[in-house]
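Summary of structural features
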Amino acid sequence: MMLLQTISTLSLLVASAIAAPQKAPATFDVMALRSASPIHFAQVSAAKGGLFLNLPHSNATCEGKSSGHATLYIEGEELVLYSCKGEKQKVFVDRSGMGQGVVRYVTGEQALPRYAELKGWATDKNKNLNFKGTGFVACPHSIDDSWSLWLDVGLGQPGGNKGCLGFTARELENKKPVGCRYTQ
Ligand SMILES: *[C@@H]1O[C@H](CO)[C@@H](O)[C@H](O)[C@H]1NC(C)=O
């Protein structure tokens, strides 16, 4: 027992020593939790500048075999789509009256809408993604019959949609992320 503990302590030390120089942020995929609904266990995909659940094909360009779902990380309160090279694709929210909580992403230096916010993304103690403590809703009948993702700004049915459901956005650690460039 003692020996085992010593070994695991040592391997932890070695692992942190190796990991120390780069300190890459942890990458994760996101799964929706909303029991007894069509989006329960659905994974988040990124396409055409937006985030979706139950999207059949994201058509992203990936460096290797991707799951087809989005892989992300949080860096300095910004939510970034994982890619190995090229311009960063960052997710923003617009909580203004016009934006109604819309969640989208931009590529590189692409202009953000006036009230877009990039900083405020966080993971809570239950591994749930949130923006300044706020969760999400998903609305059906989006592209390819997917559900579009919105921040829950208290409207219930944002963007003139119907049938939207609140859900928990659970982060699933992805230790072998595949870099992708998602369509804009
Ligand atoms: C992906 O490509 C297929 C085939 O061209 C198309 O039907 C589908 O709408 C595309 N999906 C997205 C999200 O762009």
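What you see is a predicted model, and the numbers here were worked out from it, not measured in a lab.

Take the overall build of the protein next. Within the protein, the regular secondary structure consists of one helix and 15 strands. Buried positions account for 40% of the 184 residues belonging to the protein. Taking as baseline every contact in the protein between residues at least 6 positions apart, the subset at least 24 positions apart corresponds to 59%. A total of about 10400 Å² of accessible surface is found on the protein, and carbon and sulfur atoms cover 57% of it.

This next bit is on the pairing of strand β2 (residues 44-47). Each regular strand shows side chains that alternate between the opposite faces of the sheet. The two faces of β2 match: Val44 and Ala46 on one face and Ser45 and Ala47 on the other face are all buried. Pairing analysis gives four bridges linking β2 to strand β3 (residues 50-53), with the strands arranged antiparallel. Within β3, the position partnered with Ser45 by the bridge is Phe52. The turn linking β2 back onto β3 is made up of two residues, and Lys48 within it adopts a positive phi angle of 50°.

Attention now goes to the site of the ligand. Lining the immediate environment of the ligand, one finds Ala47, Lys48, His57, Asn59, Ile143 and Asp144. His57 is positioned such that a nitrogen or oxygen atom in its backbone is 3.4 Å from a nitrogen atom of the ligand. Relative to its unbound accessible area of 360 Å², the ligand is 54% covered by the protein chains.

Basis of the calculations
Residues numbered from 1 in each chain as written. Predicted model: local features only at pLDDT ≥ 70, side-chain atom pairs only at ≥ 80, totals over all residues. Heavy atoms only, no water. Helix = DSSP H or I, 4+ residues; strand = E, 2+ residues; numbered from the N terminus. Buried < 20%, exposed > 50% of the residue type's maximum accessible area, 1.4 Å probe, protein only. Contact = heavy atoms within 4.5 Å. Areas by Shrake-Rupley, 256 points an atom, 1.4 Å probe, with all protein chains shown as cover. Pairing = 2+ DSSP bridges. Near = heavy atom within 4 Å. Polar contact = N/O pair within 3.5 Å; in protein donor to acceptor, adjacent residues only side chain to side chain.

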